[in-house]
Amino acid sequence: MAKKPTASPVASAAEIDAARAAARNTDSGPAGPAPAAAGKGDAPAQKAIDTQALAAGMPANVNKPLEHGEPNAASTPAGVTVAPPSHLPGVSTLSEANRSDKTGGPAAEAVNATIGTLDRVRVDSTGQVLTTNQGVHIADNQNSLKAGARGPALLEDFILREKITHFDHERIPERIVHARGSGAHGFFEAYEPLTQYTKAAPFKEAGKVTPVFVRFSTVAGERGSKDTARDVRGFAVKFYTDEGNWDLVGNNMPVFFIQDAMKFPDLVHAVKPEPHHQMPQAASAHDTFWDFVSLMPESTHMLMWQMSDRAIPRSYRMMQGFGVHTFRLVNEAGESFLVKFHWQPKLGTHSLVWEEAVKISGADPDFHRRDLWEAIEAGEYPEWELGLQIFTEEQAEQFSFDILDATKIVPEELVPVQIVGRMVLNRNPDNFFAETEQVAFCTAHIVPGLDFTNDPLLAGRIHSYVDTQISRLGGPNFHELPINAPIAQVHNNQRDGMHRQAIHRGRVAYEPNSLAGGCPFQAGAAQGFASIARRLDAKESADKVRIKPEKFADHYTQARLFFQSQTEVEQAHIGNAFRFELSKVTVPAIRERVVASLLNAVPELAQRLAQDLGMQLPAPMPKALETPAAPEVEQSPALSLMARPGDGGIRTRKVAVLVANGVEGASLQKLVSALVAAGAVPRLVGARLGTCAGAGGEKFAVDATMENSPGFLFDALVLPDGVPAVEALDADAHTLEFLRDQYWHCKTILALGASDALLAEARIPLTMPDGSADPGLILADAADAADAAGADDAIESFIAAMGQHRHFGRENDPPKV
């Protein structure tokens, strides 16, 4: 801290008057400092005296020599500051003491008052009068102002003009990718300190809690598209740390289609609706996408993930998240470690089946959004654990693949995933637009303790995400939108721009300065963010080149690893997805290229596709690298969805209980109570809404119909006992469709008593295709349903079978009647 200068000597009355007069000018000043006595009882003069003292306290920029030479790069000093003699040098105006209901009073010192909880911007209009945006009470909100009852509307009607004009401008540009999304608030809690690896704020101590906002999304579809498209899902987490915002902007798949950001616009143009007719929406099953990826063999690994069941998750709550790129952790000593980020859902990883996803998209295009909202509203807060793969640069250099390649994973067999904390989403947004739509994620938003690698795809994202927010949110001040504002104080010299909210105090908007005592000052390397000086030095050259590293040329080894790590069921689904997508392609040469490329990765898959698509098996596509390095791992069970089944519970699973008049009530009541106790969400589904009469005189409220809630929207099905009810259900064609969807989508079905007739009518096999018992088909005859112990056994079996999620042994390709 520099020394404060001594006060001026005693001055004459004339000198005092002159100094006070000079202090009332803004365009010139005296040759020397004002005498101290001039400030007594005179605020302008005191401000001038204190400002001079503050500026004189910094005779030079003593840090300037330390800005030069590489040896100084790692030890950037904190900025030099001088404490002001009073608050006066920092004020914008001496009139700030004149308080009003609008201006308030003087600003709190050293505080950015725009930072705070969202309570500061929430609006509740309960009991309030309708007003204009200017606060004027509106007398009539039903009629525009006219020249007589049948006369023309008048231009002077400012109330109508304001209302219509605001309505006309309510929409903002949607995101180019990830336009369709849903979000929620929550928190991250660290299990243990990770200070040996990183000084990042969320990991500094066990039990530390950091607020988060998470947005899940599809990639290709527009804002109004369906939730259940076959697509990558965005998994973006904004950590509001006490050292600034950190955005971990990932996906539900750990790899991507391309290796370099240069190709990102090409990829997105290819997968988006074809520009001549704007079709298809939210789909990759068309010519331009497959034309592009068939000429980009580095996409092969990602295509395996995209064609797998991970592209059609059952719920956002049941999918993994990944940081995709390799990042760096940095500790207090400046030591750096490489890291991959993994989110593991506590409910396990579960997906839809393709036919189910297609049907859901028509019946409820908001399926995933609704699922997330309803779970949080019910207090069933989604939870994930954060896992890190931490490894050194020396380890990375020994891998058969390049960790800078976003089309590659680090198999868990090479670097195990270390669980370090949990994330819980426990609050839905108050307003979708203000929070979920206006939230702005960017890979460039990191905090001390984290850093980037030289991944060429990540480099482009660091730029692109900021750039797109400027266009989408109307300018460079999107960080001031409440959902984007950090909880850490923000102090810098950035000013103005569209929609500026902060009202900065004082006249200084630059650094270095003396007029503000050097503030805000640079934190220095010890406290502020400092980039790692060396990144993968051993692999870098000094030449400027447009080229990829040699290991990037291995396009097929990890695609084969992924496929070989799937269960037989998952492999079959991958083949089915390729077949469906390629059958939509209209140009045979494109199909041929895809199959030729797949021959290099999984020959048996390529052979199957050639047969299914009615084409001759082509020659394998020439490889960019004929003899890649031998892989360390050829099969990784962790890559299968089946590796993470969850705890076997059924919390939040939706169960359809079909009902009609004459239903056997005792078993139904017992079943519903047991499902609720297990955390499931049973719904009584009938032909129409209203009351259903049980055989024993019970009354059941039907809250969904087979028309508005088809069978594919539920996780399991209960067919009731009671002959009159079964006969009524059998007479409704919706029933058999409902039942068949549940069966062919491999879901658990409980048939009580007389309802076995519905199974027969729907031609539902009672065994698996191989003749074994179907573990997902629970039958309780009339005696069992009526007997307390028998009913309990059936319900217990039903709940246990639901916990398995699906019973894929039923599947045939094609399905058999």
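Parameters at a glance
- Residues numbered from 1 in each chain as written.
- Predicted model: local features only at pLDDT ≥ 70, side-chain atom pairs only at ≥ 80, totals over all residues.
- Heavy atoms only, no water.
- Helix = DSSP H or I, 4+ residues; strand = E, 2+ residues; numbered from the N terminus.
- Buried < 20%, exposed > 50% of the residue type's maximum accessible area, 1.4 Å probe, protein only.
- Contact = heavy atoms within 4.5 Å.
- Areas by Shrake-Rupley, 256 points an atom, 1.4 Å probe, with all protein chains shown as cover.
- Lys, Arg positive; Asp, Glu negative; His and termini not counted.
- Charge placed at Lys NZ, Arg CZ, Asp CG, Glu CD.
- Pairing = 2+ DSSP bridges.
- Axes fitted to C-alpha atoms, helices over the stretch in contact; angles between N-to-C directions.
- Salt bridge = Lys/Arg side-chain N within 4 Å of Asp/Glu carboxyl O.
- Expected span 1.5 Å × (residues − 1).
- Core = buried A, V, L, I, M, F, W, Y, C linked by side-chain atoms within 4.5 Å.
- Right-handed = clockwise from strand over helix to strand, strands pointing away.
- Polar contact = N/O pair within 3.5 Å; in protein donor to acceptor, adjacent residues only side chain to side chain.
- Parallel < 35°, antiparallel > 145°, perpendicular 65-115°, else oblique.
- Left-handed = near helix turned anticlockwise from the far one by under 90°.
- Nonpolar A, V, L, I, M, F, W, Y, C, P; charged D, E, K, R; others polar.

A. Structural view of the overall build of the protein chain. In terms of regular secondary structure, the protein chain is built from 21 helices and 18 strands. For the protein chain, the C-alpha atoms occupy an extent of roughly 110 × 80 × 60 Å along the three principal directions. Every one of the 817 residues in the protein chain was classed for burial, and the buried ones make up 48%. Long-range pairs, those at least 24 residues apart, make up 74% of the contacts in the protein chain between residues at least 6 apart in sequence. Looking at the protein chain as shown, the accessible area adds up to about 38300 Å², and 54% of this sits on carbon and sulfur atoms. Distance between charge centres in the protein chain, computed from 75 positive and 101 negative side chains, equals 6 Å.

B. Examining the sheet that holds strand E17 (residues 748-752) more closely. Taken in spatial order, the six strands make up an open sheet running E15-E12-E11-E16-E17-E18, and their pairing is parallel. Of all the strands in the sheet, the pair left with one neighbour each is strand E15 (704-705) and strand E18 (777-780). Examined bridge by bridge, strand E12 (residues 681-686) and E15 share two bridges and lie parallel to one another. Bridging across to E15, glycine 686 finds its partner in threonine 705. Where helix H16 (residues 665-677) meets the sheet, it contacts strand E11 (654-658), E12, strand E16 (716-719) and E17, and its direction lies at approximately 145 degrees from that of E12. Strands E11, E12, E16 and E17 of the sheet are contacted by helix H18 (residues 733-744), whose axis makes an angle of about 135 degrees with E16.

C. Examining the pattern of salt bridges more closely. Under the criterion given, the structure shown has 41 salt bridges. Taking the shortest distance from any N to any O, the salt bridge between arginine 472 and glutamate 437 comes out at 3.8 Å. Placement of the pair is arginine 472 in helix H11 (residues 456-472) and glutamate 437 in helix H10 (residues 432-437), with a sequence separation of 35 residues. Both residues of the pair, arginine 472 and glutamate 437, count as buried.

D. Helix H13 (residues 568-583), seen in detail. Compared with the 22 Å implied by 1.5 Å per residue over 16 residues, the 22 Å span of H13 between its first and last C-alpha is a close match. Glu570, His573, Ile574, Gly575, Ala577, Phe578, Glu581 and Leu582 are the residues of H13 that are buried.

E. Inspection of the nonpolar core at higher detail. Ranked by size, the top nonpolar core spans 55 residues in total, and within it Phe257, Trp290, Met304, Phe578 and Leu605 carry the most contacts. Broken down by element, this core gets its largest block of residues, five residues, from helix H14 (residues 588-598). Setting aside its immediate chain neighbours within four residues, tryptophan 290 contacts Ser284, Ala285, Leu303, Met307, Phe578, Glu581, Leu582, Val585, Ile590 and Val594. Judged by nonpolar contacts, the second largest core, of 54 residues, contains Leu671, Ala762, Ala780 and Ala794.

F. The arrangement of the environment of lysine 40 in detail. Within the element layout of this structure, lysine 40 appears in the loop between helix H1 (13-22) and helix H2 (43-56). Classification of lysine 40 by relative accessible area gives exposed; the value is 63%. Leave out the neighbours within four places in its chain, and lysine 40 touches Arg20 and Gln46.

G. View of the pairing of E11. With respect to burial, E11 is a largely interior element, four of its five residues being buried. In this sheet, E12 lies alongside E11 in parallel orientation, the contact comprising five bridges. For valine 657, the partnering residue across the bridge sits in E12 and is leucine 684. Read from E11 through H16 to E12, the crossover connection turns out right-handed.

H. Just the side chain of glutamine 438, in detail. Turning to its location among the elements, glutamine 438 is positioned in the loop between H10 and strand E10 (450-451). Polar side-chain contacts of glutamine 438 include one of 3.5 Å to the backbone oxygen of alanine 434. For glutamine 438, the contacting residues outside a window of four places in its chain are Phe433, Arg472, Leu473, Leu481, Ile483 and Asn484.

I. Here's a closer look at the packing of helix H5 (residues 287-294) against H14. Two numbers describe how H5 lies on H14: the axes approach to 9 Å, and their chain directions differ by 40 degrees. With respect to their mutual orientation, H5 and H14 come out oblique. Our pair here, H5 against H14, has a crossing hand that is left-handed. Mapping the contact onto sequence places Asp287, Trp290, Asp291 and Ser294 in H5 and Ile590, Arg593 and Val594 in H14. For the contact of H5 with H14, the per-class residue count stands at three nonpolar, one polar and three charged.

J. Quick peek at unusual backbone geometry. Here the residue pair methionine 279 and proline 280 is connected by a cis peptide bond, since its omega of -5 degrees sits within 30 degrees of zero. Located in the positive-phi region is aspartate 496, a residue other than glycine, with phi close to 65 degrees. Here aspartate 496 lies in the loop between H11 and helix H12 (557-564).

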